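# Notes for the structure review
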Amino acid sequence: MKKNLKAMVMAAGMGSRLEPITLMIPKPLIPVMNRPLMDIILSQLHSVGVEEVISNTYYLANQIIDRYKNNKLGVKFNYIKETELSGTAGGVKQCQFFFDKDEDFIVMSGDILTTADIKKGIEIHKKSGAVATIGVKEIPHEYVSHFGVVVTDDNGYITEFQEKPAIDEAKSNLINTGIYIFNYKIFDYIPENEFCDFAKNVFPKLLKESSINTFNVTEYWNDIGTISQYKQSIQDVFNGICKIEHDKIIETNLGNYIAGNSKIPATVRFVGNSVVGNNCKLGEYIKLDNCIVLDNAEVKTGSELTDCVIIPSIANSKVINKSTNKENVTV
């Protein structure tokens, strides 16, 4: 494996489906067990030998840049600022200068939580000699309409793409995980200064002229694209389905929690699995049932909250409710 392996984390998206969280936090910085998602991704990349990373930034870019420009995660962080969104492939094209000619590199979406064996993917890619190798995951057939579907032959090479097909039209239950290993030749298939998407524009063209390989992600993978998926990822970590590094879980008679540096009054009750971020203000006689309290948020005395994400605001805590995904101000 090349010593100076490079990677890109795509970090420009606005994350509108995660509002109101993403009104104040860019999607790659959303915390999972009080660790920003991109911290987890960069640590994973470092573990497979990546020494330098670049990101395309756009929405709330300075938050991402300020966090990683002098990071302690073992990778040198580089970035570009896009003046307007250019698509998944367009963003990678703008970072072409960063990568070495004739070399392979990794590209990952900045909104996925995974324990995928990226090293295995690199090895499969190198053996195949393909321009592109895509991490794919088998999911229940009833969920395929939410993802980009990949159809492969018996050797794992892609024969067709289906973008969010209807369930009865899907030819496969393998989905694109947003984990890519590319050869530098991929840039030949991405036009300059154009909005360009991998799924819609690049991969169909590449498929006609060359081969696209795959590697199976049998490990944990979750696209944190909605409030529901975000909350599920937290439960998956608590339940041992997703194994990532995190603070010690504190067990109580009714539930489990982690609490960052926040002070937890003795009268607070935890039911199920909850996360309390840093610098949070919790009142007395609170009940938190499967909740996520983000950094600097406040939960007032006497509140009883179930399956909620509580975000900081100037006057009140705001709660994202499971059934509506709308804001409700606590009283």
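Residues numbered from 1 in each chain as written. Predicted model: local features only at pLDDT ≥ 70, side-chain atom pairs only at ≥ 80, totals over all residues. Heavy atoms only, no water.

From N to C terminus, the protein includes six helices and 24 strands. Here the protein has a C-alpha radius of gyration of 21 Å; the compact-globule value for 331 residues is 20 Å, and the two agree. Considered along the principal axes of its C-alpha atoms, the protein spans approximately 65 × 45 × 35 Å. At a minimum sequence separation of 6, the contacts of the protein that also span at least 24 residues come to 59%. For the protein, the exposed area adds up to about 15500 Å²; of that, 46% sits on carbon and sulfur atoms. Averaging the positions of the 35 positive and the 40 negative side-chain charges in the protein gives two centres separated by 5 Å. (Helix = DSSP H or I, 4+ residues; strand = E, 2+ residues; numbered from the N terminus. Rg over C-alpha atoms; globule rule 2.2 N^0.38 Å. Contact = heavy atoms within 4.5 Å. Areas by Shrake-Rupley, 256 points an atom, 1.4 Å probe, with all protein chains shown as cover. Lys, Arg positive; Asp, Glu negative; His and termini not counted. Charge placed at Lys NZ, Arg CZ, Asp CG, Glu CD.)

Turning our eyes to something else, we now look at the packing of aromatic side chains. Within the structure shown, the criterion is met by 17 aromatic pairs. Plain terms: the ring middles of F98 and F99 are 5.0 Å apart, the flat faces sit at 80° to each other, and that makes the pair edge-to-face. On the accessibility criterion, F98 (7% relative accessible area) is buried. Ring geometry for Y184 versus F187: centroids 5.1 Å apart, planes at 65°, classification edge-to-face. Overall, the relative accessible area of 3% leaves F187 in the buried class. Directly above the ring of F98 sits K6, whose terminal nitrogen or CZ lies 4.7 Å from the centroid. (Phe/Tyr/Trp six-rings, centres within 6.5 Å; stacked < 30°, edge-to-face > 60°. Buried < 20%, exposed > 50% of the residue type's maximum accessible area, 1.4 Å probe, protein only. Lys NZ or Arg CZ within 6 Å of the ring centre and 35° of its normal.)

Turning our eyes to something else, we now look at the side chain of N176. Positionally, N176 belongs in strand β11 (residues 174-183). Polar side-chain contacts of N176 include one of 3.0 Å to the side chain of Y180. Those residues in contact with N176 that lie beyond four places of it in its chain are I134, G135, G148, V150, F203 and W221. (Polar contact = N/O pair within 3.5 Å; in protein donor to acceptor, adjacent residues only side chain to side chain.)

The buried count for β11 comes to 10 of 10 residues, which makes it a mostly enclosed element. Bridge count between strand β6 (residues 104-109) and β11: five bridges; the pairing is antiparallel. Counted as the bridge partner of F105 is F182 from β11. In the sheet, strand β8 (residues 132-138) pairs with β11 via six bridges, with the strands oriented antiparallel. Residue pairing in the sheet places A132 in a bridge with F182 of β11. Inspection of the sheet shows strand β9 (residues 148-152) paired to β11 by two bridges, in the antiparallel sense. (Pairing = 2+ DSSP bridges.)

Our focus in this paragraph is the nonpolar core. If you look at the biggest cluster of nonpolar residues, it comprises 58 residues, and the most contacted ones within it are I21, V32, L42, L45, I106, L113 and Y230. Once residues lying within four places of it in the same chain are set aside, the contact partners of L45 are A7, V9, V50, V53, I106, M108 and I118. One finds I134, F182, C196 and F198 within the second-largest nonpolar core, a separate group that totals 31 residues. (Core = buried A, V, L, I, M, F, W, Y, C linked by side-chain atoms within 4.5 Å.)

A few words now on the state of the cysteines. The final tally for this structure, using the stated rule, is zero disulfides. In this model C280 remains outside any disulfide bridge; the closest cysteine sulfur is found in C291, 12 Å from its own. Overall, the relative accessible area of 10% leaves C280 in the buried class. (Disulfide = S-S within 2.5 Å.)

Our next topic: the pairing of strand β5 (residues 76-81). As judged from the six bridges shared by strand β4 (residues 50-57) and β5, these two strands associate in the parallel manner. In the strand pairing of β5, V53 is matched with F77.

Here the focus is the pattern of salt bridges. Overall, the coordinates contain eight salt bridges when judged by the stated rule. Two residues, R67 and D39, come together in a salt bridge whose shortest N-O distance is 2.9 Å. Taken as a pair, R67 in helix α2 (residues 61-68) and D39 in helix α1 (residues 37-47) lie far apart in primary sequence, 28 residues in all. Judged by its relative accessible area of 40%, R67 is partly exposed. Residue classification places D39 among the buried residues on the basis of a relative accessible area of 9%. (Salt bridge = Lys/Arg side-chain N within 4 Å of Asp/Glu carboxyl O.)

Everything listed is a geometric property; what it means functionally is a separate question.
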